[in-house]
Amino acid sequence: MKKHAYLAILALAAALAGTVALAGDHHHATKTLKEVMVGLGTEMTHLQEALWIEDLDKVNTAATAIAEHPHVGPAEKARIERVLGSGFTEFVQADRRVHDAAVRLAAAAEKRDVDEVVKELAEVQAGCVACHTSLRKRLTAP
């Protein structure tokens, strides 16, 4: 049960936080917010598992996947903007915060700097949780 709760938090954090790039930001396939979040949760799990066994190459791969995750499609972006209204700016800022931290995390893993990896992982998680805490309920409401 604890593992499922932890994964839900990670998926949520990854989802709403900083890593929900909007269509048009990059050249990735478009997805729903839920699909993006599930993928981010999976990558957060991979990242954590890789860190536990000190496989910094896999940490780098997972952090890069988080930073370069698929984006929501135009219809989903419009839904998010409609639901959040003025809170949409907060959503975009959270996305950027998580993205930037994931990029720094990947770079730290590439440099084999475990202390920096742990620091940036905490930043990714903090960004995810902050966004989920303030925006998730509105975005998941029926």
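Keep in mind that what you see is a predicted model, and the values were worked out from it rather than measured. (Residues numbered from 1 in each chain as written. Predicted model: local features only at pLDDT ≥ 70, side-chain atom pairs only at ≥ 80, totals over all residues. Heavy atoms only, no water.)

By secondary structure assignment, the location of histidine 71 is in strand S2 (residues 71-72). Given a relative accessible area of 1%, histidine 71 falls into the buried group. Here the side chain of histidine 71 touches histidine 69 through a polar contact of 3.4 Å, landing on its backbone oxygen. (Helix = DSSP H or I, 4+ residues; strand = E, 2+ residues; numbered from the N terminus. Buried < 20%, exposed > 50% of the residue type's maximum accessible area, 1.4 Å probe, protein only. Polar contact = N/O pair within 3.5 Å; in protein donor to acceptor, adjacent residues only side chain to side chain.)

Going through the model one piece at a time under the given rule, you end up with 8 salt bridges. With its nearest N and O atoms 4.0 Å apart, the salt bridge here joins lysine 58 to aspartate 55. For the salt bridge of arginine 112 with aspartate 57, the shortest nitrogen-to-oxygen distance reads 3.1 Å. Here arginine 112 is found in the loop between helix H5 (88-110) and helix H6 (114-140), whereas its partner aspartate 57 is found in helix H3 (residues 56-67), with 55 residues between them in sequence. (Salt bridge = Lys/Arg side-chain N within 4 Å of Asp/Glu carboxyl O.)

Time to look at the environment of leucine 40. Tracing the sequence through the fold places leucine 40 in helix H2 (residues 33-52). In sequence terms leucine 40 and histidine 69 are 29 residues apart; their C-alpha atoms lie 7.3 Å from each other.

A few words on the nonpolar core. Grouped together as the largest cluster of nonpolar side chains are 34 residues, with contacts concentrated most on Leu47, Val59, Ile80, Phe91, Leu105, Val117 and Val124. Elements supplying a minimum of two residues to this core: H2, H3, helix H4 (74-84), H5 and H6. Looking at this core element by element, the count peaks at 10 residues for H5. (Core = buried A, V, L, I, M, F, W, Y, C linked by side-chain atoms within 4.5 Å.)

Here we come to the environment of alanine 122. Mapping alanine 122 onto the fold places it in helix H6. Owing to a relative accessible area of 40%, alanine 122 belongs among the partly exposed residues under this scheme. A sequence separation of 17 residues divides alanine 122 from leucine 105, and the C-alpha atoms of the two residues are 9.6 Å apart.

The subject of this paragraph is H5. For H5, built from 23 residues, the straight-helix expectation of 33 Å at 1.5 Å per residue is met to within 8% by its first-to-last C-alpha distance of 33 Å. Listing the buried residues of H5 in full gives Phe88, Phe91, Ala94, Asp95, Val98, His99, Ala101, Ala102, Leu105, Ala106, Ala108 and Ala109. The first or second residue beyond H5 is arginine 112, which carries a positive phi of 65°. (Expected span 1.5 Å × (residues − 1).)

For glutamate 54, which is not glycine, the phi torsion reads 60° and is therefore positive. With respect to the helices, strands and loops of the structure, glutamate 54 is situated in the loop between H2 and H3. Backbone geometry at arginine 112 places phi at a positive 65°, although glycine is not the residue there.

Packed helix pairs are specified by the crossing angle of their axes together with the interaxial distance, meaning the distance between the axes. Viewed as axis vectors pointing N to C, H4 and H6 meet at an angle of 110°, and their least axial separation amounts to 10 Å. Between H4 and H6, the angle falls in the class roughly perpendicular. The interaxial crossing formed by H4 with H6 has right-handed handedness. Contact residues: Arg79, Ile80, Val83 and Leu84 in H4; Leu135, Arg138 and Leu139 in H6. Looking at the contact of H4 with H6, its residues break down into 5 nonpolar, no polar and 2 charged. (Axes fitted to C-alpha atoms, helices over the stretch in contact; angles between N-to-C directions. Parallel < 35°, antiparallel > 145°, perpendicular 65-115°, else oblique. Left-handed = near helix turned anticlockwise from the far one by under 90°. Contact = heavy atoms within 4.5 Å. Nonpolar A, V, L, I, M, F, W, Y, C, P; charged D, E, K, R; others polar.)

Everything listed here is a matter of coordinates, which is why it stays silent on function.
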